[in-house]
Amino acid sequence: MKRLFIFYLLFISIQINADELLTLHGNAIQGGILIGNVHETVEKIFLDSEEIPISENEFIIGFDRDEKLRHILTLVLENGEMETIKFFISKREYVTQRIDGIPAKYLEEPTEEELITRIESESDTLKKTRKKLYKNSNIYFENFSIPVENGKVTGIFGSNRILNGIPISPHNGYDIAASEGTEIKAMSTGLVALTGNYFYNGKFVLIDHGSGLSSIYIHMSRICVEKGDYIIKGDKIGEVGSTGRSTGNHLHWGVGWRDKKIDPGLILNNKKIFLTLKKY
Ligand SMILES: [Zn+2]
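What comes next concerns the included structure. (Residues numbered from 1 in each chain as written. Predicted model: local features only at pLDDT ≥ 70, side-chain atom pairs only at ≥ 80, totals over all residues. Heavy atoms only, no water.)

Our next topic: the side chain of Glu122. When you line up the elements, Glu122 lands in helix H2 (residues 113–134). Excluding anything up to four places from it in sequence, Glu122 contacts Asn197, Tyr198 and Phe199. (Helix = DSSP H or I, 4+ residues; strand = E, 2+ residues; numbered from the N terminus. Contact = heavy atoms within 4.5 Å.)

Rendered as C-alpha cells:
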C-alpha cells in the first residue's frame, strides 16, 4: 500500500500543464535545490554548460554553500529550438558557531601512519562511490522528511566553526541530538550506495536518491541496511549514536547534489514555485 501511494505521488509530480514548458520549485539560494518539471517536447537541459539528466520529465539541480549567483538554464526542444533562461540565486549569510572546552582528542589530527592510511582509503572509497552515483540518471526521490523526529537541532548547515579558538571548515550538514538508539529514517526513497564504520564518520549510511542527489547519516550506533537495498522514504536505516569523531549522541545528516553540499534544512521546505516558463 505504501509503495502504491508513493508511485501515485510520483505520477502527480510529473504533471505539467499543456501550456508550460518548464516549472521549477524549491529554494533558489546557496545550499538549495530546485526540482524541475518539463514538457515532453523538451529533450535536453543544460545548467550553465553542463547537461542535466531528465528522468520522466523531471530533473534536479543544486547549489553549493558558496555557489555563484548567476546561472543559465538552456532547454533544447525536440524540434531543435532552444530556450534560454537566466536566473539568480540568493546569497546566504552564515552564522559563526564558537565552541570552547572541547577535549583535545576530538580535534587532534591523527599522526600514526596506519591510521592515516586508513583515513585516506576511507575518504577515497567515499569519493569514488559519490562519483559513481552522480552518473545515475534515475530519480527515486519524491519528497523529503527529517530523519530523526523530536530531536534537538544542535548544528546547522554552512556555519563557520571556531573550536577552542581555532577556525575549522564550515559545517556541511545538520546535527540532530537524540538519545542513543533513536530511530534514523531515510529522508527520501533511494538505493543504499555505501555503509561502513569509518574513523571520522563512525557507522554511516550513504543513500543514492537518483540524478546526483544523495544523503548521508553519520555517527550511528547501529546500521540496519546494506549496500544495494532499495529504501522507501521513512524506512528505518539505523540508530542514533556517537561513533567516529563525535562528542555526544547525535545524527549528522548531510545532503549532496553531485559534488555540491546542500542544506538539509532547506530541502524540507522545497514546494515553493520559483519559475514557470510558458510555451509561446
Ligand atoms: Zn555535524
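After that view of the structure, there is still more to cover.
Moving on: the side chain of Thr74. One can find Thr74 in strand E6 (residues 70–77). A relative accessible area of 14% places Thr74 in the buried class. Not counting residues within four places of it along the chain, the set of residues in contact with Thr74 comprises Lys44, Ile45, Phe46, Met82, Glu83 and Thr84. (Buried < 20%, exposed > 50% of the residue type's maximum accessible area, 1.4 Å probe, protein only.)

Another point: unusual backbone geometry. Despite not being glycine, Ser211 shows a phi value in the positive range, around 55 degrees. Relative to the helices and strands, Ser211 resides in the loop between strand E15 (202–210) and strand E16 (213–220). One non-glycine residue, His219, adopts positive backbone phi at about 70 degrees. Relative to the assigned elements, His219 resides in strand E16.

We now examine the packing of aromatic side chains. Inspection of every chain in the model, using the stated rule, returns eight aromatic pairs. Arranged with centres 6.3 Å apart and planes meeting at 80 degrees, the rings of Tyr140 and Tyr230 form a pair that is edge-to-face. Of this pair, Tyr140 sits in the loop between H2 and strand E9 (152–155) while Tyr230 sits in strand E18 (residues 230–231), and the two are 90 residues apart along the sequence. Given the relative accessible area of 15%, Tyr140 is considered buried. Exposure remark for Tyr230: the relative accessible area of 34% places this residue in the partly exposed category. With a centroid separation of 4.9 Å and 80 degrees between ring planes, the pair formed by Phe199 and Tyr200 is classed as edge-to-face. The structure contains a cluster of three or more aromatic residues connected by ring pairs, namely Phe63, Phe87 and Phe274. Lying across the ring of Tyr94, Arg65 places its NZ or CZ 4.1 Å from the centre. (Phe/Tyr/Trp six-rings, centres within 6.5 Å; stacked < 30°, edge-to-face > 60°. Lys NZ or Arg CZ within 6 Å of the ring centre and 35° of its normal.)

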